[in-house]
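These are the residues of each chain, in order.
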Amino acid sequence: MTDTLFGGPALPPAYPERAAWGTAPKLRAWQAQALEKYFEANPRDFLAVATPGAGKTTFALRIATELVERGVVNRITIVTPTDHLKRQWADAAARVGIAIDPNFKNADGKHGQGFMGVAVTYAQVASKPLLHRAKTEAARTLVILDEIHHGGDALSWGDGIREAFDPAIRRLSLTGTPFRSDTAAIPFVDYIQDREGIRRSRADYSYGYGQALKDHVVRPVMFMAYSGQMRWRTSAGEEMAATLGAPVTKDITSQAWRTALNATGEWIPAVLAAADKRLAQVRRSVPDAGGMVIATDHDDARAYAGQLKKITGQSPTVILSDDAKASSKIEEFSAGDKRWMVAVRMVSEGVDVPRLAVGVYATSTATPLFFAQAVGRFVRARKRGETASVFLPSVPNLMALAAQLELERDHALDRPETDSDGFATEDAEMLEANREEKGSDTLEKFSFEALESQASFDRVLYDGGEFGTGGEVGGEDELDFLGIPGLLDAEQVGVLLKQHQADQQSRRRSRNAGAGGADAVPAAPAVTDHRLLMDLRNELAKNVSAWSARSGMPHGLVHSELRRVCGGPAVAQANEDQLQVRLKKLQGWFIGRK
């Protein structure tokens, strides 16, 4: 077996130039290593877990071509979550000489003449499992199960693929995102009992985001978080206000978040304008770089598209789930150099556009699986040095997900559903996130009216650390971070972020010092500023939350350790200097953690 698709030397970890989706003629280091492991074992079942953008399609098609050449299989069935992915797989397979029919329907009975196999969806298999079982039995079949975690989305889906593909000669399961954490076993996945007696999924080969980043296979991701003041009216007629991301109840956080995403307010236009400035900066070094806004529903998508047209003077591509031309629009956008695409949230796993470099997470969906899939749309590297920037609301659950991007999870069985690691309600929310959306998303049992939203720059999250101390939209503090070059290695990004944070802090000290002059009257003894104290406590709470997500240490223990290391009373009694010391210590922990 050669280490490339058609012979020749192996490819280093990062592509030297752009490659068509799923058709790279050479292999990355991880793909060659995984292939060697596969053919050494020649297993019936093989599970490969590789971060989005790493090249799972190329890996799978390399296995397929080799198995066909060896005469091990003579039919291929590819199972995907969406219709759009069926077409992407068929196009990629055709480029390496494998004819796959993506238009096969259950009513057809058999695939078209001249095709080696079919591409179908999980739902399609679940509706007629015996039909697909008969097709599997009729030939020596390789089944490629793309994003295998969908095998547990519904009981019928898991039962369907188990029934249909049990007779297969070979099964290759792929996933690029964290597994589900319910307790329904995923078909064709092995589970191993750990020391605590919990059965966890076992991958035959794993290639995580952290390793892919070191290999320059994926882009480093900067999360640009935006806060701001929100005001809304409840169904009872009561007007409420809150700062986006402040430590408040879950209901208030959800309502403030909804208010921010409301297209008639000022938050969305301000964030879209900032994202477009970032895209303009990236396009200086990556001329065809594109951006995508992930919206909650169709109405929001159209409204955001209107805002982008006002900002850029160009109508963005709008992808709606009920649009029969959605796939062709995605392909046209991918092949062109248009600036922006706006899509409902269901496309996060069905869109593969390598030139996407800037994203706006303008949806209220916040499951770990969906978040990982959405971010995965922006990390595919075409050449070394490309970066990704994702703009998002500064709310605690999104901040935690961004902070733990590099963490990898296995699918765990044998534990109570209430043993939540952030995935506990994933089933219902993922089904909701991937079905057709026609109305406004309902986050609360009661209705409200968004009254006013204002945006402010909060901070940048990168590699587990936080940078920046906030600032006005359009101000120098924000523009420093928006202006980071679009071609940088991961280490260079970190260095620049630290430098910009130091510059921001220096400017603030200068402004504070400049408040008085040589002839200034000596100030009266300082009076404690209750607003400043509240802001510092809120900032500390957000940092503690992020560190808790990063380290696994409960919030209470983080505060206790800060008191022990830094000294001073509990947060509620701490003064300005004590709170500043704790914030600085937390920042040091983030920077020092590898």
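The rules behind these values
- Residues numbered from 1 in each chain as written.
- Predicted model: local features only at pLDDT ≥ 70, side-chain atom pairs only at ≥ 80, totals over all residues.
- Heavy atoms only, no water.
- Core = buried A, V, L, I, M, F, W, Y, C linked by side-chain atoms within 4.5 Å.
- Buried < 20%, exposed > 50% of the residue type's maximum accessible area, 1.4 Å probe, protein only.
- Helix = DSSP H or I, 4+ residues; strand = E, 2+ residues; numbered from the N terminus.
- Expected span 1.5 Å × (residues − 1).
- Contact = heavy atoms within 4.5 Å.
- Pairing = 2+ DSSP bridges.
- Axes fitted to C-alpha atoms, helices over the stretch in contact; angles between N-to-C directions.

On to the nonpolar core, then. If you look at the biggest cluster of nonpolar residues, it comprises 119 residues, and the most contacted ones within it are Phe59, Trp267, Tyr304, Phe391 and Leu398. At nine residues, helix H9 (residues 267–283) tops the list of elements feeding residues into this core. Of all hydrophobic cores here, the second largest spans 20 residues; its members include Val118, Val143, Phe165 and Phe188.

Glancing now at helix H2 (residues 56–69). Its 14 residues place the ends of H2 20 Å apart at the C-alpha level, agreeing with the 20 Å of an ideal helix rising 1.5 Å per residue. Within H2, 12 of the 14 residues are buried, which leaves the element mostly enclosed by the surrounding structure. Turning to H2, the residues buried within the fold contact helix H1 (29–41), strand E1 (45–50), strand E2 (75–80), helix H3 (83–95), strand E5 (141–145) and strand E6 (170–175). Just downstream of H2 lies Gly71, where phi reads positive at about 80 degrees.

This part covers the sheet that holds E6. Taken together, the seven strands give an open sheet; going across it, the order is E3-E4-E2-E5-E6-E1-E9, and neighbouring strands pair in parallel fashion. The open sheet has two free edges, formed respectively by strand E3 (100–101) and strand E9 (205–207), since each of these has just one partner strand. Alignment of E1 against E9, held across three bridges, turns out to be parallel. If you follow Val49 over to E9, its bridge partner there is Ser206. Packing of H2 onto the sheet brings it into contact with E1, E2, E5 and E6, and relative to E6 it is tilted by some 170 degrees.

Let's shift gears to the pairing of strand E12 (residues 239–243). When strand E11 (residues 229–234) meets E12, the two strands line up antiparallel, connected through five bridges. For Arg231, the partnering residue across the bridge sits in E12 and is Ala241. Two successive antiparallel strands, E11 and E12, enclose a turn made up of four residues, where Gly237 displays a positive phi of approximately 90 degrees.

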